[in-house]
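# A structural walkthrough
Spelled out, the chains give:
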Amino acid sequence: MWRLEKEIHTLILKEVKRNEETDSEKNILQMLIEVAKNSYLGQAETDNFVVDNCKNICFPAYENGAVPAIWTLMLLALYPEWQDKIRAEVLEIFNGQLPSSAMLNKMKTVSLKPSEHTFSYSFDAFILTGKSWQLTMVIYESLRLYPLGCMLTREAVRETRFGGVDVPKGVSIWVMMMTLYEDPNIWGTDVLKFNPERFGNGINGACKVPHVYIPFGTGPRSCLGQHFAMAEIKIIISLLASNFTFSLSPKYRHSPVMNLIIEPEFGVDLLVRKV
Ligand code: HEM
């Protein structure tokens, strides 16, 4: 384990050096290096800062787009009427071509005027624009029923009072996603049903307290890959839905498990047919 750790450390620093030597376009790595260099950190700490942040970005990039896409496919397999709606939408937008960013922008949805909100809310989910957002509604509903992480954590950096409770400095606060997403007082009596239509008027229309819908977290440390992840999931689902119909295989065993993220324990077996 230590050998692997050391090897990864060395590999990342090699890439850092290569990156510093080439006059390439500004990328995340260069931004990380700049932040580290402009800080009070010594050389070893600077290296650790860059390496740790690289790992922090690579780790979620590996499965975090794939698992929500798999849950969405499972739900679409269960609800063929939504599969048909998605297929019609993507066939109209993509018109037999591979998805481009301009096409994805047509499915792009929503933005929030920052001044209307106290948090720096970067998840683009409040004002629906355009008319092609059925797939986005399906993904939002899928992320509500099967959130990627089961909790969001924050540490009290100073003594504070939170919802009538005194919280001492240093205490970790865990926000359990499922308690937010399964509350009928917030989402209505059909809270446990797959109903993407609830997002028809954006998040404000979907629930009584829109700030509780935070699939990508909130504030300055919200998900770095949220727009990438949404684009990735849209591309995967669009390509599959426009070429295939799919239903759940009798082999499928429904068993969401909480590892680091909420995953289907036995995978998702689908029966797939060419359209
Ligand atoms: C649908 C897919 C994804 C979901 C639902 C998701 C969700 C989240 C959540 C809830 C957080 C914690 C935010 C907070 O504490 O406020 C987070 C953090 C993060 N995510 Fe994602 N994520 C997804 C995909 C990705 C992908 C594909 C990447 C990388 C390419 C990524 C990179 C990160 C990073 C680097 C952080 C830490 C940000 C920081 O600490 O400043 N995520 N994500």
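Residues numbered from 1 in each chain as written. Predicted model: local features only at pLDDT ≥ 70, side-chain atom pairs only at ≥ 80, totals over all residues.

## Structural notes on the overall build of the chain
Across its full length, the chain holds 11 helices and 10 strands. Every one of the 275 residues in the chain was classed for burial, and the buried ones make up 25%. For the chain, the proportion of contacts with a sequence separation of at least 24, taken over those separated by at least 6, is 63%. (Helix = DSSP H or I, 4+ residues; strand = E, 2+ residues; numbered from the N terminus. Buried ≥ 20, exposed ≤ 12 C-beta atoms within 10 Å, placed from the backbone. Contact = placed C-beta atoms within 7 Å.)

## Let's talk about the site of the ligand
Taken together, 23 residues are adjacent to the ligand, and A61, N64, G217, C223 and G225 come closest. Elements that contribute at least two residues to the shell around the ligand include exactly α3 (43-63) and α11 (226-243). If you tally residues by element for the shell around the ligand, the top one is α3, at four residues. Class assignment of the residues belonging to the shell around the ligand gives a composition of 13 nonpolar, nine polar and one charged. (Near = placed C-beta within 6 Å. Nonpolar A, V, L, I, M, F, W, Y, C, P; charged D, E, K, R; others polar.)

## Re the environment of T189
Note on placement: T189 falls in the loop between α9 (184-187) and α10 (202-206). Note: C-alpha distance between T189 and G217 (28 residues apart in sequence) is 25 Å.

## Focus on the UniProt feature "binding site: heme" (unreviewed entry) in the chain
The UniProt record marks C223 with the feature "binding site: heme" (unreviewed entry), using the residue numbering of this structure. Discounting residues that sit within four places of it in the chain, C223 has contacts with F216 and G217. (UniProt positions renumbered as here; feature names shortened; annotations may be inferred.)

## A word on helix α5 (residues 80-94)
In this model, α5 (15 residues) spans 20 Å end to end at C-alpha, consistent with the 21 Å of a helix rising 1.5 Å per residue. Every buried residue of α5 is listed here: W82, Q83, I86, R87, E89, V90 and I93. Following α5 by one or two positions, N95 has its phi on the positive side, about 50°. (Expected span 1.5 Å × (residues − 1).)

## Description of the nonpolar core
By size, the foremost hydrophobic cluster in this structure holds 37 residues, and its most contacted members are L73, L76, I86, V138, I139 and I237. Among all residues touching V138, those that are not within four sequence positions of it are T72, L76, W82, I86 and P196. (Core = buried A, V, L, I, M, F, W, Y, C linked by C-beta atoms within 7 Å.)

## Comments concerning the packing of helix α1 (residues 2-21) against helix α2 (residues 28-37)
When two helices pack together, their arrangement is given by the angle between their axes and by how far apart the axes lie. For the pair α1 and α2, interaxial distance at closest approach is 10 Å and the crossing angle is 95°. Regarding the angle of α1 to α2, the classification is roughly perpendicular. Taking contact as the criterion, the partners of V16, N19 and E20 in α1 are, on α2, L29, Q30 and I33. Residues that form the contact of α1 with α2 fall into these classes: three nonpolar, two polar and one charged. (Axes fitted to C-alpha atoms, helices over the stretch in contact; angles between N-to-C directions. Parallel < 35°, antiparallel > 145°, perpendicular 65-115°, else oblique.)

## Concerning the packing of α2 against α3
Put simply, α2 and α3 touch, their axes get as near as 9 Å, and they point 145° apart. Where α2 crosses over α3, the handedness of that crossing is right-handed. Taking contact as the criterion, the partners of I28, L32, I33, A36 and K37 in α2 are, on α3, T46, F49, V50, N53 and I57. The residue inventory of the contact of α2 with α3, partitioned by class, reads seven nonpolar, two polar and one charged. (Left-handed = near helix turned anticlockwise from the far one by under 90°.)

## Examining the confidence of the model for the chain
The pLDDT averaged across the chain works out to 85; a share of 89% of its residues lies at or above 70. Counting interchain partners and residues more than four positions distant, the pLDDT-below-50 stretch residues 110-129 has 36 contacts. Here the predicted complex carries an ipTM of 0.98, next to a pTM of 0.86. (pLDDT = per-residue confidence, 0-100.)

## So, the pairing of strand β6 (residues 172-176)
By the criterion of burial, β6 is predominantly exposed, with just zero of the five residues buried. Pairing of strand β3 (residues 151-155) with β6, which is carried by five bridges, proceeds in the antiparallel orientation. The residue bridging E155 from the neighbouring strand is S172, located in β6. (Pairing = 2+ DSSP bridges.)

## Digging into the environment of W133
Position of W133 among the secondary structure elements: in the loop between β2 (127-128) and α7 (134-145). Since 22 C-beta atoms lie within 10 Å of it, W133 is described here as buried. Remark: the alpha-carbon pair of W133 and I86, spanning 47 residues in sequence, is separated by 9.1 Å.

## Focus: the environment of G205
Within the fold, G205 resides in helix α10. Between the C-alpha atoms of G205 and I70, which are 135 residues apart in sequence, the distance is 26 Å.

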